[in-house]
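Survey of secondary and tertiary structure
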Amino acid sequence: MTVAWTAQGIREDFPILGRTMRSGAPLVYLDSAATSQKPLQVLHAERDFYERHNAAAHRGSHQLAEEATEAFEVARSTIAAFVGAAASQTVFTRSATDSLNMVAHAFAAATMLHARGREQDSRFVLGEGDSIVVTEAEHHANLVPWQELAAKTGAELRWVGVDPDGRIRTEDLASLVDARTKVISCAHVSNVLGGTLDIAAFAAAARAVGALFILDACQSVPHLPVRLPDTGADLAVFSAHKMLGPTGLGVLWGRDEVLAAMPVVDTGGSMISHVTMQESTYLPAPAKFEPGVPSMAQAVGTAAAADYLTSLGMPSVHAHVSALAARAADALAQLPGVRVQAAPDAPPVSAVSFTVDGVHPHDIGQVLDDDGIAVRVGHHCAWPLMRALGVPATVRASFSVYNTESEVDALLVSVERARRFFT
Amino acid sequence: MSIEGMYQEVILDHHRNPVGKGLREPFAAQAHHINTSCGDELTVRVALDAAGESITDISWDGQGCAISMASMSILAESATAGSVAAERELHAKFLELMHGRGEVSADPALGEAVAFGGVAQFPARVKCALLGWMAAADALDQATSQR
């Protein structure tokens, strides 16, 4: 894949990359898996919305309200198109974590309503004997909501294991999934191991038993060309702030009939079609899942981020970012005492996790910080995965469109400095 | 603050050769603390004399960064054989130092623990330095309240 642009050329769009850190070193930002930096185009789009069009979308009939509604819905269409979806399938939430919780809460709501004799789609109704299947590699956001759902409904939580070398035991699906499996949920790309999961296998397992397949696309949508309707997922989530967009906005995508069948969770204004003192009826998706005045400026900013990535071209974004990740993983593995924590059969998309024998990741991170290099250290909200890998924590470097090969090289020099300092 | 200023030689020494590591019997109480932001964990046991006024042993085990391990080690060395009252005084002084954002001058009574004054300038690492101290204080409170 030919990359028609260079990171060097686009760095000027990200003013923060010009910063000098407290040690005097220039910033080397390698923590985009936690949150990406934002280009001027995104900042300008948000500012322009507030300066010229701000009003409450979907309320009122004055001109500004019309303009705000228009800006918000155009943003939805842009973001939907970015993942190959229709606007009607694209629900805005507070975050990807919020999206996953909303889905888990919808199962709980359907289960409660069903118990009270209200008609519900049976796919959302859980009880004893039913199961929920995740992987041991999941981010806490795609694990804890399912633990809670299992506790509320009596369903059993099961998981696909991870080998100590980071390989996800996808073959476990055969023994874990049965006719009573109602939910299968996994990450598209692991936020720690960095590689892509065999989501076709998860989708097939779900389809075979009529379970809903839920995809956490937080670490794939920013770096890969992703068409959510082609992933086999029934529902999928991702977050704006990891794809060059602002904080405070998540997306829940769903197939039309799944969103139609899914009960509402949060309720209030602008999601109803009719309200009496006794009861209410609700609008079709996406509105039925969006009570309250929405995050309009964030949506507009995220659409600008999607446009930015589209103008770079997602295939070449993928080529650039994965080349940096591969360069880092290969070179780190050559350093004495360094172990790259990645599945042997799943090359990194953006994130590269590693440990250094005899040196705690926090101490590595401190030396890197002293060199101006921002990485994530710790359990990465994937504590069970740390146990499966047999490590207390890892150092994670993650790359985005604005990173360069020389930044990878700076990382390598700093890791070696840290190893020498502590051993 | 240079990296050498943060990780002073005394910290690196205690990290490499920790004092009091390995859980021992007998003990009056123990506490297990976890730094939830990073997953580091420590178990601390304290043993008291018959009167309950002096610390006869502090033993500990756990995993963590050089800061948390060295801080635990220095505490174990300085508090063992001291009085419970003196340890609590030391604890208060250490808390004050660590919450001082590098603007509080360390009380010389802290001994080797003054070396953590540099760490206090890094808010994200203060919890690392305090992990063992908080666990020890917890164990000590349990040991004394049982009596």
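Please refer to the structure placed before this passage.
Residues numbered from 1 in each chain as written. Chains lettered and ligands numbered in written order. Predicted model: local features only at pLDDT ≥ 70, side-chain atom pairs only at ≥ 80, totals over all residues. Heavy atoms only, no water.

Attention shifts here to helix α2 (residues 9-16) of chain B. The set of residues buried in α2(B) consists of Ile11(B), Leu12(B), His14(B) and His15(B). Projected down its long axis, α2(B) carries its buried residues within an arc of 165°, all on one side. (Buried < 20%, exposed > 50% of the residue type's maximum accessible area, 1.4 Å probe, protein only. Helix = DSSP H or I, 4+ residues; strand = E, 2+ residues; numbered from the N terminus. Arc of directions from axis to C-beta.)

Time to look at the pattern of salt bridges. Residue and element names in this part refer to chain A. As enumerated under the stated definition, the model contains 36 salt bridges over all chains in all. Note that Asp266 and Arg94 form a salt bridge whose closest N and O atoms lie 3.9 Å from each other. On the criterion of sequence distance, the pair formed by Asp266 in the loop between α8 (256-261) and β9 (272-275) and Arg94 in the loop between β2 (90-93) and α4 (96-115) is long-range, its members being 172 residues apart. What makes Arg94 exposed here is its relative accessible area of 55%. Residue Asp234 pairs with Arg255 through a salt bridge whose shortest N-O separation is 2.5 Å. Placement of the pair is Asp234 in the loop between β6 (212-216) and β7 (235-239) and Arg255 in the loop between β8 (250-254) and α8, with a sequence separation of 21 residues. The class of Arg255 is partly exposed, set by a relative accessible area of 31%. Put simply, Asp121, Arg123, Asp234, Arg255 and Glu257 are held in one network by salt bridges that share partners. (Salt bridge = Lys/Arg side-chain N within 4 Å of Asp/Glu carboxyl O.)

Moving on: the sheet that holds strand β3 (residues 55-63) of chain B. All names here are of chain B. Pairing is antiparallel in the open sheet, where three strands are placed in the order β1-β2-β3. Only two strands of the sheet have a single partner each, and these edge strands are β1 (29-34) and β3. Each strand axis lies, on average, 15° off the axis of its neighbour in the sheet, ignoring direction. Pairing analysis gives six bridges linking β1 to strand β2 (residues 41-48), with the strands arranged antiparallel. Bridged to Ala31 within β2 is Val44. Against the sheet, helix α3 (residues 66-79) engages β2 and β3, with an angle of about 170° to β3. (Pairing = 2+ DSSP bridges. Axes fitted to C-alpha atoms, helices over the stretch in contact; angles between N-to-C directions. Contact = heavy atoms within 4.5 Å.)

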